[in-house]
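Architecture at a glance
Chain by chain, the residues:
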Amino acid sequence: MSGRDAVVVRAPAKINVHLGVGPLRADGFHALTTVYLAVSLHDTVTARPGEGLSLRVTGEGAGAAAGPGLVPADRTNLVWRAAELLAEHAGVRAEADLEVAKSIPVAAGLAGGSADAAATLVALDALWGTRAAREDLLRLAAELGSDVPFGLVGGVALGTGRGEQVSPVLATGRWHWVLGIAGEGLSTPAVYGELDRMRADGRVPDVTGPRSAEPVLAALRGGSTAELAAALSNDLQPAALALRPDLRRALRAAGDAGARAALVSGSGPTVAALADDEQSAVRLAAELAGAGVFRTVRAVSGPVPGARPAG
Ligand code: C5P
């Protein structure tokens, strides 16, 4: 123990401003070229000294609000597994009282669970004084899930491999978005599976590798909202729309309400609508809240930093 009382770490949600999905690999994952952008919607992970490991999940995204069994407060939660993995790596006992205060909706395509796991690695590394090397934390994060390493890095990053190999990229702007969360969560494997079927039966063109992220990277370097709007793309979107046809209406509603562009975030069902500036985002959020197509609407901006102790 390092003798610290409590470590509080904020964990940002992400959107994928580019998601190029290659063929299914032998290990059950798809080769990806993706660009992650961390946005100002956070969960908070608090780690306190404790006997054994305990986990409490609180906040608007927890418990019954999320759906039965969606945020388990036991060893099946990625946060719990993050704690055990770091303890094993560092050769310490997995002892902590963990609390996750959830604002990021669950199973929404915003990588909330992954962000919580990344924040747990950071919080417990500080609480236990384990001082794990950055590369070790990134490796442990990759073991936990494809999106977890990005949770450590934050900002804007290119993801390759299955998404777990992340490298920061230059972005010269800050962009304003409205996140519209529509209906029940979508299962990530189900959405990838639907894309495979659509490619196999010719509903969408088949591919030999993931699409290049260059147009979106150029737009991020340049900082222009119009250029970014034109470059946004997500190969999982047709699959999410096939599973959830209502999302078409949600995307249309975002366009009608004045968004520069709108796309499904990750495997969905969240719709990320890009606004011209902060004021437009607030207006867009108000309009979309009244449109009746989303359960929750949030105005956010990004990039923001990855998991790090608050204060
Ligand atoms: O890595 P993670 O646990 O987040 O992945 C969840 C599921 O999403 C995988 O089991 C797989 O079905 C799908 N997936 C995929 N290709 C990726 C990432 C995830 O097929 N690159």
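Here the structure is a predicted model, which is why all the values come from computation and not from measurement. (Residues numbered from 1 in each chain as written. Predicted model: local features only at pLDDT ≥ 70, side-chain atom pairs only at ≥ 80, totals over all residues. Heavy atoms only, no water.)

1. Describing the environment of Ala-190
As a reminder of what qualifies: In this description a helix means any DSSP run of H or I spanning at least four residues, a strand means any run of E spanning at least two, and both kinds are numbered starting from the N terminus. Contacts are assigned to residue pairs that have any heavy atoms within 4.5 Å of one another.
Mapped onto the secondary structure, Ala-190 falls in helix α6 (residues 188-200). Taking the C-alpha atoms as reference points, Ala-190 and Asp-125, 65 residues apart in sequence, are found 34 Å from one another. Ignoring anything within four residues of it in the chain, the contact list for Ala-190 reads Arg-197 and Leu-243.

2. Concerning the site of the ligand
Put simply, the test is: The nearness test applies per residue and asks whether one of its heavy atoms lies within 4 Å of the molecule or strand. Think of a polar contact as two N or O atoms within 3.5 Å of one another; within protein, one of them needs to be a possible hydrogen donor and the other a possible acceptor, and neighboring residues in sequence only count if both atoms come from side chains. Each accessible area is a Shrake-Rupley result for a 1.4 Å probe, and residues are judged covered by the shown protein chains and nothing else. Under this grouping Gly is polar, as are all residues other than the nonpolar Ala, Val, Leu, Ile, Met, Phe, Trp, Tyr, Cys and Pro and the charged Asp, Glu, Lys and Arg. These domain limits were set by an automatic method or by a database of domain assignments.
In the vicinity of the ligand, the contacting residues are Gly-28, Phe-29, His-30, Leu-32, Gly-145, Ser-146, Arg-162, Thr-188, Pro-189 and Tyr-192. With respect to the ligand, the side chain of His-30 contributes an N or O atom lying 2.7 Å from an oxygen atom. Residue Ser-146 places a side-chain N or O atom 2.5 Å away from an oxygen atom belonging to the ligand. Against a free-state accessible area of 450 Å², the protein chains account for coverage of 73% of the ligand. Those elements that place two or more of their residues in the shell around the ligand are β2 (30-48) and α6. In terms of residue class, the shell around the ligand is built from four nonpolar, five polar and one charged. The residues that make up the shell around the ligand include at least three from each of domain 1 (7-169) and domain 2 (175-302).

3. Comments concerning the pairing of strand β1 (residues 7-24)
Quick note on the threshold: Each residue gets one of three labels from its accessible area relative to the maximum for its type: buried under 20%, exposed over 50%, partly exposed in between, using a 1.4 Å probe on protein chains only. The rule for pairing is simple: two strands pair if DSSP sees at least two bridges between them.
Of all 18 residues in β1, 14 are buried; the element is thus mostly enclosed. Pairing of β1 with strand β12 (residues 308-309), which is carried by two bridges, proceeds in the antiparallel orientation. When the sheet's bridge partners are listed, Arg-10 is paired in β12 with Arg-308. Note that β1 and strand β8 (residues 233-234) share two bridges and pair parallel. Paired with His-18 across the bridge in β8 is Ser-233.

4. Concerning the packing of aromatic side chains
Operational definition: Think of it this way: a Phe, Tyr or Trp ring, Trp meaning its six-membered ring, pairs with another when their centres are within 6.5 Å, and the plane angle makes it stacked under 30 degrees, edge-to-face over 60, tilted otherwise. In this scheme, the term charge over a ring applies when either NZ of a lysine or CZ of an arginine sits within 6 Å of the ring centre and within 35 degrees of the ring normal.
With the rule as written, the count across this model stands at one aromatic pair. For the ring pair Tyr-36 and Phe-150, a centre distance of 4.6 Å and an interplane angle of 15° mean the geometry is stacked. Linking Tyr-36 in strand β2 with Phe-150 in helix α5 (residues 148-153), this pair joins segments that are 114 residues apart in sequence. Overall, the relative accessible area of 1% leaves Tyr-36 in the buried class. Its end group placed over the ring of Phe-29, Arg-162 keeps NZ or CZ at 4.9 Å from the ring centre.

5. Some remarks on the domain arrangement of the protein
Where we set the bar: We define buried area as the total accessible area lost by two parts upon association, computed with a 1.4 Å probe and summed across both.
Domain annotation of the protein identifies domain 1 (7-169) and domain 2 (175-302). Spacing between the C-alpha centres of domain 1 and domain 2 amounts to 22 Å. Taken residue by residue, the interface counts 31 residues in domain 1 and 37 residues in domain 2. Three residues, Val-17, Leu-19 and Val-21, lead the burial of domain 1 against domain 2; their summed loss comes to 21% of the area buried on that side. Connecting domain 1 to domain 2 are 14 residue pairs in polar contact (both at pLDDT 80 or more). Going through the elements one at a time, β1, β2 and β5 (156-160) are the ones with two or more residues in the side of domain 1 that touches domain 2. Its residues assigned to classes, the side of domain 1 that touches domain 2 comprises 21 nonpolar, eight polar and two charged.

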